[in-house]
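Observations on chain architecture
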Amino acid sequence: MASAHSSALNSLSSFSLRPSSSSSSSSRFSLLSNTNKLTSLSSPKLHSLSTSKSKSSDETDNSFFDTSVPEEDLTFNPPEIPEGFVAPPSIEDGPVESEDEIAAAYEELYGTGYSGVSVLGNDIYAMDSKAKKMSGFGSGLKKEKIRDGFEERVVQVRRVTKVVKGGKQMRFRAIVVVGDKKGQVGVGVGKAKEVIAAVQKAAINARRNLVRVPMTKYLTFPHRSDGDVGAAKVMLRPASPGTGVIAGGSVRIVLEMAGVENALGKQLGSDNALNNARATVVAVQRMRQYSEVSAERGIPMEELWK
């Protein structure tokens, strides 16, 4: 046992933590030697980086800032005017436009405003702004009936449904014919949750789609005409005095509201009230007065029958 303890002590004494001068001792553990190597290796690189930064900052071109003086006023040299140049007229030099001219130009570009006043002579008698609100609070506001010389006639009121994501929406669709019985008539459609609101919308829509019906002194058509909208076809024929309006459905209502007293009408095809009313308007728009045709052809009116 004593001999074993002595051999272990001799083997431990052979190890040393001190660095040796030989080349083989470089692999031994030493903190001091490693830190010295790290500092010696990193110091030249850091020095080279610092010198490169100082050189790049010194080589920056600052000649523009050295020569410019902020306090001096910069002189502007405009280009030379070419020969034959004529300056455009100024806006202030032109004539001053009146309010009527401005309103006429605006109406020509954007159409008649909602006020119902037309500078160019367009026949617009009523718009939404003419429906004056009377007494009431909230949704109970009442609208005064429009008084512009036009009469209203309800052609049809139907309940329509619309299928949406949450179910079905039930509304009312109204067809209204508006006319002054002096040659102007219009057909309109309106939808709303209530019947009264639908009729009012249809009346306003009809006033926006007014057309003029050509008539003779006997309050009949100048010639025969046909019109069609969709699957509905309407045939209109002039009649002698005392005949009356011989037509049915929406065709009769449109002719009566236009002021026609002697005419023959026939529905051919579909019996849809809206399409037949619109087909009647189309047939009326295709009619022309004898005076218009004679003026276009440049011949007197008496020669049209030769």
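Residues numbered from 1 in each chain as written. Predicted model: local features only at pLDDT ≥ 70, side-chain atom pairs only at ≥ 80, totals over all residues. Heavy atoms only, no water.

- In the nomenclature of an unreviewed UniProt entry, the protein corresponds to Small ribosomal subunit protein uS5c from the organism Cicer arietinum.
- Turning to the protein, the UniProt annotation filed under Sequence similarities (unreviewed entry) states: "Belongs to the universal ribosomal protein uS5 family." (UniProt positions renumbered as here; feature names shortened; annotations may be inferred.)

Some details on the overall build of the protein
- When its secondary structure is counted, the protein shows eight helices and eight strands.
- For the protein, buried positions account for 25% of its 306 residues.
- Within the protein, residue pairs in contact and separated by at least 24 positions form 50% of the contacts whose partners lie at least 6 positions apart.
- For the protein, the exposed surface amounts to about 22700 Å²; the carbon and sulfur share of it is 55%. (Helix = DSSP H or I, 4+ residues; strand = E, 2+ residues; numbered from the N terminus. Buried < 20%, exposed > 50% of the residue type's maximum accessible area, 1.4 Å probe, protein only. Contact = heavy atoms within 4.5 Å. Areas by Shrake-Rupley, 256 points an atom, 1.4 Å probe, with all protein chains shown as cover.)

Quick word on the sheet that holds strand S8 (residues 263-269)
- Judged by pairing direction, the sheet is mixed, and its four strands sit side by side in the order S5-S6-S8-S7 without closing on themselves. Only two strands of the sheet have a single partner each, and these edge strands are strand S5 (225-229) and strand S7 (245-246).
- As paired strands, S7 and S8 are joined by two bridges and run parallel to one another. Considered in S8, the bridge of isoleucine 246 is made with leucine 264. (Pairing = 2+ DSSP bridges.)

Quick notes on the sheet that holds strand S3 (residues 184-192)
- Pairing within the open sheet is antiparallel, and its four strands lie in the order S1-S2-S3-S4. In the strand order of this sheet, the two ends are held by strand S1 (151-164) and strand S4 (210-212), each with one partner. Along the sheet, successive strands turn relative to each other by an average axial angle of 15 degrees, direction set aside.
- Here helix H6 (residues 250-258) sits on the sheet and contacts S1, strand S2 (167-179) and S3; the angle it forms with S1, its principal contact strand, is near 140 degrees.
- The strands touched by helix H7 (residues 273-285) within the sheet are S1, S2, S3 and S4, with S3 carrying the most contacts at an inclination of about 155 degrees. (Axes fitted to C-alpha atoms, helices over the stretch in contact; angles between N-to-C directions.)

Quick word on the pairing of S1
- Pairing of S1 with S2 involves 13 bridges; the strand directions are antiparallel. Note that in S2 the partner of glutamate 151 across the bridge is glycine 179.
- Remark: two residues form the turn of the hairpin made by S1 and S2, two consecutive strands paired antiparallel.

Side note on helix H5 (residues 195-207)
- Here H5 spans 19 Å end to end across 13 residues, near enough to the 18 Å set by a 1.5 Å rise per residue.
- Here H5 has its buried residues at Ala198, Val199, Ala202, Ala203, Ile204, Ala206 and Arg207.
- On the buried face of H5, the contacting elements are S1, S2, S3 and S4. (Expected span 1.5 Å × (residues − 1).)

Looking at the pattern of salt bridges
- Evaluation of the coordinates by the stated rule reveals seven salt bridges.
- Close ionic contact of arginine 252 with glutamate 256 constitutes a salt bridge, the shortest N to O distance being 3.1 Å. Of this pair, arginine 252 and glutamate 256 both sit in helix H6, separated by four residues, roughly a single helical turn.
- On the accessibility criterion, glutamate 256 (24% relative accessible area) is partly exposed.
- Here the salt bridges do not stand alone but share partners, grouping Arg153, Arg252 and Glu256 into one network. (Salt bridge = Lys/Arg side-chain N within 4 Å of Asp/Glu carboxyl O.)

Let's talk about unusual backbone geometry
- Non-glycine residue lysine 181 carries a positive phi angle of around 60 degrees.
- Position of lysine 181 relative to the elements: it lies in the loop between S2 and S3.
- For lysine 181, a relative accessible area of 40% translates into the label partly exposed.

Some points on the nonpolar core
- Counting residues in hydrophobic clusters, the biggest one holds 29 residues, and the most contacted among them are Val185, Val187, Val213, Phe221, Leu236, Leu255 and Val260.
- Counting only elements with at least two residues in this core, the list comes to S2, S3, strand S6 (232-238), H6 and H7.
- Broken down by element, this core gets its largest block of residues, seven residues, from H7.
- There are two domains that each give this core at least three residues, and those are domain 1 (151-212) and domain 2 (225-305).
- Once you skip the residues sitting within four places of it in the chain, valine 187 turns out to touch Ile175, Val176, Val177, Asn205, Ala206, Asn209, Val254, Leu274, Ala277 and Val281.
- Counting ten residues, the second largest nonpolar core, distinct from the first, contains Phe150, Ala174, Val178 and Ala192. (Core = buried A, V, L, I, M, F, W, Y, C linked by side-chain atoms within 4.5 Å. Domains from an automatic or database assignment.)

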